[in-house]
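# Examining the three-dimensional arrangement
Here's the letter readout for the chains.
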Amino acid sequence: MALLTALPILAVFGYVFVPAPEVWQHLRETVLTDYLLNTLWLVLGVGFGVLLLGLPAAWLNSMCEFPGRRFFEWALLLPMAMPAYIIAYTYTGMLDFSGPVQTLLRDLTGWGYGDYYFPNVRSLGGAITMLSLVLFPYVYLLARAAFLEQSICVLEVSRTLGSNQWQSFLRVALPLARPAIITGLSLALMETLADFGTVQYFGVSTFTTGIFRTWFGLGDHAAASQLAALLMGFVFMLILLERWSRSRARYHHTSSKYSRIPKFRLRGWTAVAAVLACALPLLLGFVIPVGQLLHWSIKVASKGLDSDFINLVWHSLMLASLAAVFALLLALILGYGKRLNNDPLVNIAARIAAMGYAIPGTVIAIGVLIPFAWVDTQLNHLSKQFFDSNVGLLLSGTLFTLLFAYNVRFLAVSLQTVEAGLGKIKPTLDNAGRSLGLSPLGVLQRLHLPLMKGSLLTAILLVFVDVLKELPATLILRPFNFNTLAVRAYELASDERLADAGLPSLMIVAAGIIPVILLSRSISRSRAGEH
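Rules of the game
Residues numbered from 1 in each chain as written. Predicted model: local features only at pLDDT ≥ 70, side-chain atom pairs only at ≥ 80, totals over all residues. Heavy atoms only, no water. Helix = DSSP H or I, 4+ residues; strand = E, 2+ residues; numbered from the N terminus. Rg over C-alpha atoms; globule rule 2.2 N^0.38 Å. Buried < 20%, exposed > 50% of the residue type's maximum accessible area, 1.4 Å probe, protein only. Contact = heavy atoms within 4.5 Å. Areas by Shrake-Rupley, 256 points an atom, 1.4 Å probe, with all protein chains shown as cover. Lys, Arg positive; Asp, Glu negative; His and termini not counted. Charge placed at Lys NZ, Arg CZ, Asp CG, Glu CD. Salt bridge = Lys/Arg side-chain N within 4 Å of Asp/Glu carboxyl O. Phe/Tyr/Trp six-rings, centres within 6.5 Å; stacked < 30°, edge-to-face > 60°. Lys NZ or Arg CZ within 6 Å of the ring centre and 35° of its normal. Polar contact = N/O pair within 3.5 Å; in protein donor to acceptor, adjacent residues only side chain to side chain. Axes fitted to C-alpha atoms, helices over the stretch in contact; angles between N-to-C directions. Parallel < 35°, antiparallel > 145°, perpendicular 65-115°, else oblique. Left-handed = near helix turned anticlockwise from the far one by under 90°. Nonpolar A, V, L, I, M, F, W, Y, C, P; charged D, E, K, R; others polar. Patch = residues over 30% accessible without salt bridge, like charges linked within 9 Å, V, L, I, M, F, W, Y side chains within 5 Å. pLDDT = per-residue confidence, 0-100.

## Concerning the overall build of the chain
Per the secondary structure count, the chain includes 25 helices and two strands. Relative to its length of 531 residues, the chain is compact, with a C-alpha radius of gyration of 25 Å against a globular reference of 24 Å. Considering the chain as a whole, with its 531 residues, one finds that 53% of them fall into the buried category. Residue pairs in contact within the chain that sit at least 24 positions apart in sequence constitute 81% of those at least 6 positions apart. Counting only carbon and sulfur atoms, one obtains 66% of the accessible surface of the chain, whose full area is about 25100 Å². Each charge sign in the chain was given a centre, from 38 positive and 28 negative side chains, and these centres are 15 Å apart.

Written as structure tokens, this is what we have:
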């Protein structure tokens with residue numbers, strides 16, 4: 001099963017040594033430098049942006065007391081519910097020449113076209129800003145969890161040695177939280193490398209858009225796969241960076257004594273600065289885009305809420321539900337198999353199966369198309385040889401292919417949640433069940449599943465929302481004439497019908513809020529001594 005899940009990745013790497021000299025020469029002479037430089041600047045820019053927005057907010061909400069802290073504590077996770085391509089549509093609608101901001105500026109000043117400078121949101125800088133605004137919660141989430149888990153004794157020792165509040169942060173808390181911060185940063189950068197909707201809409205040439213153009217524009221599968229393999233190389237470098245960070249960590253807190261953290265109360269201008277540091281990312285990353293989507297949705301509701309829209313909702317919910325259930329079943333098989341046979345081979349197989357979450361959806365789509373198209377071709381050859389007829393495409397362009405790609409991409413989310421749930425159940429319970437005559441399957445059905453209800457629900461919910469937001473894999477692999485909310489929003493925005501794209505976009509954002517609330521509740525209860 002692990003090998004089957006890793007098939008798309010192996011298929012992409014299998015094309016690395018297939019020669020495609022003409023296409024590569026064309027890419028080198030025209031766009032390859034742009035792909036490399038734009039991807040590099042995008043990664044560097046988003047890395048700086050998410051640290052700038054996420055790190056101060058995490059520290060302030062963990063260690064300080066200021067007006068609105070309890071609200072910001074969970075509300076700063078809300079931008080996670082906003083897909084990057086949707087926030088790109090909303091800001092383009094607001095900041096373009098015909099948008100309300102520039103129209104108001106011209107009305108107030110009497111300026112005309114060319115009389116003033118206004119930053120172009122459809123640019124590399126715009127893409128960096130959009131991605132930073134929705135990805136900073138990864139750093140905020142993990143850094144805050146790390147700050148909350150630190151022993152107050154360590155911080156108090158630093159204070160007794162003469163450090164003030166800010167020196168304790170720089171010299172003690174920040175180094176202790178470094179592995180968590182690097183992990184959050186790696187996740188944000190992997191999402192950046194995987195992004196297709198934002199950079200495609202802004203016309204920024206990166207590896208993901210290049211793979212799409214090479215596959216569908218130039219029709220060269222080998223070159224597209226080699227570009228995908230190169231992109232996977234960048235992703236694996238980030239994974240290695242994150243692992244290296246963990247293994248090189250030399251800061252440990254050994255105290256097991258936890259108590260409620262005494263918040264440092266901010267007053268005056270420091271309190272105002274803290275509120276601004278938390279309010280601005282929330283305002284720009286969630287409140288303003290959602291307000292714009294609501295405005296558009298109300299405008300088009302009378303003609304937008306028709307049978308086509310209901311079909312879109314049905315297709316999206318059906319796909320997301322099926323993918324979530326399949327991912328949960330696979331995760332239960334792998335997770336429980338690992339619990340029953342905890343040997344290195346099973347562990348490696350489980351890790352291989354969970355590798356897809358780090359791979360961009362565009363790469364997985366191509367990796368799925370290659371073997372499935374080969375199987376279809378072989379079946380048609382056999383059918384022609386024995387029955388003198390073609391059976392057509394049995395796998396490519398079907399819902400089965402799409403669901404398979406979703407499971408490759410999101411199995412890791414489900415597997416980690418299931419493993420966390422199984423980890424909370426003591427092995428002695430398994431022994432007790434077996435001594436009462438239950439088979440391993442019986443132990444799972446009658447003992448583990450009832451105890452893991454919360455974990456199972458979380459696993460289903462997380463995959464459900466991820467599938468609902470997924471764009472590139474759906475765009476490439478969906479059956480003919482089959483649309484989802486994400487694809488429809490992308491199509492309407494690409495046709496510059498931004499107001500019409502508001503309704504499907506708003507539905508996706510609304511669905512994404514549920515797991516954000518679950519995450520917020522989970523992290524708030526994570527610190528020993530708080531409850």
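## Remarks on the pattern of salt bridges
Under the definition given, this model contains nine salt bridges. In this structure, Asp 500 and Arg 497 form a salt bridge, with 3.0 Å as the shortest nitrogen-oxygen distance. Here Arg 497 falls in the partly exposed class, since its relative accessible area comes to 40%. One network of salt bridges, in which partners are shared, links Glu 65, Arg 69, Glu 73 and Arg 144.

## Here we look at the environment of Glu 22
Counting through the fold element by element, Glu 22 comes out in helix α3 (residues 21–30). Distance in space between the C-alpha atoms of Glu 22 and Pro 119 is 38 Å, their sequence separation being 97 residues.

## Some thoughts on the packing of aromatic side chains
Applying the stated criterion across every chain, the model contains 13 aromatic pairs. Relative to Phe 202, the ring of Tyr 201 lies with its centre 6.0 Å away and its plane at 35°, an arrangement referred to as tilted. The buried category is assigned to Tyr 201, whose relative accessible area is 7%. These aromatic residues form a ring-pair network of at least three members: Phe 66, Phe 71, Phe 72 and Trp 74. Here Arg 122 stacks its cationic end above the ring of Tyr 201, 4.6 Å away from the centre of that ring.

## A short note on the side chain of Thr 90
Counting through the fold element by element, Thr 90 comes out in helix α6 (residues 84–95). Reaching out from Thr 90, the side chain makes a polar contact with the backbone oxygen of Ile 87 at a distance of 2.8 Å. Look past the residues within four positions of Thr 90 in its chain and what remains in contact with it is Pro 289, Gln 292, Leu 293 and Trp 296.

## Digging into the packing of helix α19 (residues 399–423) against helix α22 (residues 453–469)
It is at 9 Å that the axes of α19 and α22 come closest, and there the two elements cross at 160°. What the angle tells us is that α19 and α22 run roughly antiparallel. In this structure, α19 crosses over α22, and the sense of that crossing is right-handed. Contacts from Tyr 406, Phe 410, Val 413, Ser 414, Thr 417, Val 418 and Gly 421 in α19 reach Ser 455, Leu 456, Thr 458, Ala 459, Leu 462, Val 463, Asp 466 and Val 467 in α22. In terms of residue class, the contact of α19 with α22 is made up of nine nonpolar, five polar and one charged.

## Some details on the packing of helix α18 (residues 361–387) against α19
Remark: α18 packs on α19, axes separated minimally by 10 Å, with the N-to-C direction vectors making an angle of 130°. Between α18 and α19, the interaxial angle falls into the category oblique. Seen from above, α18 lies across α19 with right-handed handedness. Between α18, through Gly 361, Ile 364, Val 368 and Phe 372, and α19, the contact on the second element is made entirely by Phe 400, Thr 401, Phe 404, Ala 405, Val 408 and Arg 409. Taken together, the residues that form the contact of α18 with α19 break down as seven nonpolar, two polar and one charged.

## Re unusual backbone geometry
At Asn 481, a residue that is not glycine, the phi angle is positive and equals roughly 65°. Inspection of the secondary structure puts Asn 481 in the loop between α23 (472–477) and α24 (485–494). Residue classification places Asn 481 among the exposed residues on the basis of a relative accessible area of 71%.

## Some remarks on a nonpolar patch on the surface
A contiguous nonpolar patch, built from Val 272, Leu 276, Leu 280, Leu 283, Leu 284 and Val 287 and spanning about 490 Å² of accessible area, is present on the exposed surface. Given a relative accessible area of 47%, Leu 276 falls into the partly exposed group.

## Some thoughts on the environment of Leu 53
Structurally, Leu 53 can be placed in helix α4 (residues 32–63). Separated by 350 residues in sequence, Leu 53 and Leu 403 have C-alpha atoms that sit 35 Å apart. With residues up to four places along the chain from it excluded, the contact list for Leu 53 reads Ser 132, Leu 133, Phe 136 and Pro 281.

## Quick notes on the side chain of Thr 198
Here Thr 198 is to be found in helix α12 (residues 197–202). Among residues more than four places away in sequence, those in contact with Thr 198 are Ala 84, Tyr 85, Ala 88, Ala 127, Met 130 and Leu 131.

## Examining the confidence of the model for the chain
Counting all residues, the mean pLDDT for the chain is 81, and 90% of those residues have values of 70 or more. When the elements of the chain are averaged for pLDDT, helix α9 (residues 152–160) gives the smallest value, 68, and α4 the largest, 90.

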